[in-house]
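Descriptive structure summary
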Amino acid sequence: VITTDKASLVKQMNPVAESLTGYSFREVKGKKLNEILRLVHPVSRERVKDPVENVLETGRKVSLAQQPILVSRGGPEYFISDSASPIFNADCEVMGVVLVFSDVTERYLQAERIKENEERLKLAIMGTRAGMWDWNIKTGTMVCNEQWARILGYELNELEPITHKVVEKFVHPEDLVISAEILDEHFKGNSETYECEIRVRHKDGHWVWTTERGMVVEREAGGSPLRNTCTLIDITRHKHAESELKTQIDKTVIKAPFTGRL
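Our subject in this report is the structure included herewith.

Regarding the sheet that holds strand 12 (residues 225-234)
The five strands are arranged 9-8-12-11-10 in an open sheet whose pairing can be described as antiparallel. A strand with exactly one partner marks an edge of an open sheet, and here the two such strands are strand 9 (142-144) and strand 10 (194-201). Averaged over all pairs of adjacent strands, the angle between strand axes in this sheet comes to 25°, irrespective of strand direction. Against the sheet, helix 8 (residues 173-187) makes contact with strand 8 (131-136), strand 10, strand 11 (207-219) and strand 12, and its axis sits at roughly 155° relative to strand 10, the strand it touches most.

Overview of the pairing of strand 8
Only one face of strand 8 is buried: it carries G131, W133 and W135, and the other face, with M132, D134 and N136, is open. The pairing of strand 8 with strand 12 spans six bridges and is antiparallel. Its bridge partner lying in strand 12, W133 is registered against C230. As defined by bridge partners, strand 8 adjoins strand 9 across three bridges and the pair is classed as antiparallel. Across the sheet, the residue bridging to W133 is C144, located in strand 9. Here strand 8 folds back onto strand 9, and the loop between the two strands holds five residues, one of which, G140, carries a positive phi near 85°.

Concerning the nonpolar core
Counting residues in each nonpolar core, the largest one holds 25 residues, and the members touching the most others are W133, W148, L159 and I162. If you list the elements that add at least two residues to this core, you get strand 8, strand 9, helix 5 (146-151), helix 6 (156-159), helix 8, strand 10, strand 11 and strand 12. With four residues, the single largest contributor to this core is strand 10. Membership of the second largest hydrophobic core comes to 20 residues, among which are M13, V62, L99 and F101.

Digging into the packing of aromatic side chains
Aromatic rings in a pair are described by how distant their centres are and how their planes are angled relative to each other. In the structure shown here, the tally under the stated rule is three aromatic pairs. Ring centres 5.9 Å apart and planes at 45° place the aromatic pair W135 and F187 in the tilted group. Here W135, found in strand 8, pairs with F187, found in helix 8; they are 52 residues apart in sequence, far enough to count as distant. W135 gets classed as buried once you look at its relative accessible area, which sits at 7%. For F187, a relative accessible area of 17% gives the class buried. A centroid spacing of 5.7 Å and a plane angle of 70° characterise the contact between Y154 and F170, whose relative ring orientation is edge-to-face. Within this pair, whereas Y154 is found in the loop between helix 5 and helix 6, its partner F170 is found in the loop between helix 7 (164-168) and helix 8, the two being separated by 16 residues in sequence. One cation-aromatic arrangement involves K239 over W209; the distance from NZ or CZ to the ring centre is 4.5 Å.

Quick word on helix 3 (residues 51-58)
Of the residues making up helix 3, those classed as buried are P51, V52, N54 and V55. Along helix 3, the residues classed as buried sweep out an arc of 155° about the axis, all on the same side. Looking at the buried positions of helix 3, the neighbouring elements they touch are strand 1 (2-5), strand 3 (39-40), strand 4 (62-63), strand 6 (77-88) and strand 7 (94-103). Between the side-chain oxygen of the N-cap and the backbone nitrogen of V52 there are 2.9 Å, and the N-cap of helix 3 in question is D50. At the C-terminal side of helix 3, G59 shows a positive phi close to 75°.

Quick word on the pattern of salt bridges
Considering all chains together, one arrives at 13 salt bridges under this definition. In this structure, R45 engages E77 in a salt bridge whose closest nitrogen and oxygen atoms are separated by 2.6 Å. Residue R45 is located in the loop between strand 3 and helix 3, and its partner E77 is located in strand 6; the two are separated by 32 residues in the primary sequence. With a relative accessible area of 38%, R45 lands in the partly exposed category. On the basis of relative accessible area, E77 is assigned to the partly exposed category, the value being 38%. Measuring nitrogen to oxygen at the nearest pair gives 2.7 Å for the salt bridge that ties D134 to R227. Of this pair, D134 sits in strand 8 while R227 sits in strand 12; the two residues are 93 residues apart in sequence, bridging distant segments of the chain.

Digging into helix 8
Given a rise of 1.5 Å per residue, 15 residues ought to cover 21 Å, and the 21 Å separating the end C-alpha atoms of helix 8 matches this to within 8%. When we look at burial in helix 8, the residues that qualify are D175, S179, L183, H186 and F187. For helix 8, the angular spread of buried residues about the axis comes to 100°, placing them on one side. Turned more than 90 degrees from where helix 8 packs its buried face, P173, E174 and E181 sit exposed. Directly after helix 8, the chain includes G189, whose backbone phi takes a positive value near 90°.

About the cut-offs
- Residues numbered from 1 in each chain as written.
- Predicted model: local features only at pLDDT ≥ 70, side-chain atom pairs only at ≥ 80, totals over all residues.
- Heavy atoms only, no water.
- Pairing = 2+ DSSP bridges.
- Helix = DSSP H or I, 4+ residues; strand = E, 2+ residues; numbered from the N terminus.
- Axes fitted to C-alpha atoms, helices over the stretch in contact; angles between N-to-C directions.
- Contact = heavy atoms within 4.5 Å.
- Buried < 20%, exposed > 50% of the residue type's maximum accessible area, 1.4 Å probe, protein only.
- Core = buried A, V, L, I, M, F, W, Y, C linked by side-chain atoms within 4.5 Å.
- Phe/Tyr/Trp six-rings, centres within 6.5 Å; stacked < 30°, edge-to-face > 60°.
- Lys NZ or Arg CZ within 6 Å of the ring centre and 35° of its normal.
- Arc of directions from axis to C-beta.
- Polar contact = N/O pair within 3.5 Å; in protein donor to acceptor, adjacent residues only side chain to side chain.
- Salt bridge = Lys/Arg side-chain N within 4 Å of Asp/Glu carboxyl O.
- Expected span 1.5 Å × (residues − 1).

Right under this line is the structure:
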């Protein structure tokens, strides 16, 4: 916390502000705030306008939309969250400003790591042409990507809102039984992930062979599954090639003459 008068001169400063700026209150008392508070844009590195000046100009509380970097005395830098509010006297005149800011560096970096991981996952899914869903097991609702719908021959908006019951309607009855058994074992915690091959009905009526891989990503305290994510890849060409190869092998075995030798 730092407070200033209406001339933007520092009047008070708490120990946290001293630690983050690198200045002691004794050093900066009565000095202009912009002499000790250097805020820069996280990308352009251009100086950000002093939030206290904004308050003095407008008479209203302000918060910086873009999370700025506080460049501390001596070099350390911190991503900060800040707001500045006017201090009024009894006549409702602005007599100064109180600036409140906190170090959110770790939170900011964590958010950036999550963003980067999500971007990598998105690129990986695009590269493998995988369908994907995120299933809320308690409500039955599912969030699916466009590729999942395209595997079935649809646009995503044709199938929304999507629930687990909707997804099940596309699965071949025989495969639905098998996949349910595999999923049940996974839900019980008997495997880290699950995988199965299932046929799903295309919009034009034919069956599409797919590989389904997924895992529970969130459980209740007692272990009951809450959320499941899964990817779906079209393996129809692979299954057809596998079938043709088997047919060719069978024909070769049948045509080969028996020589009486083992």
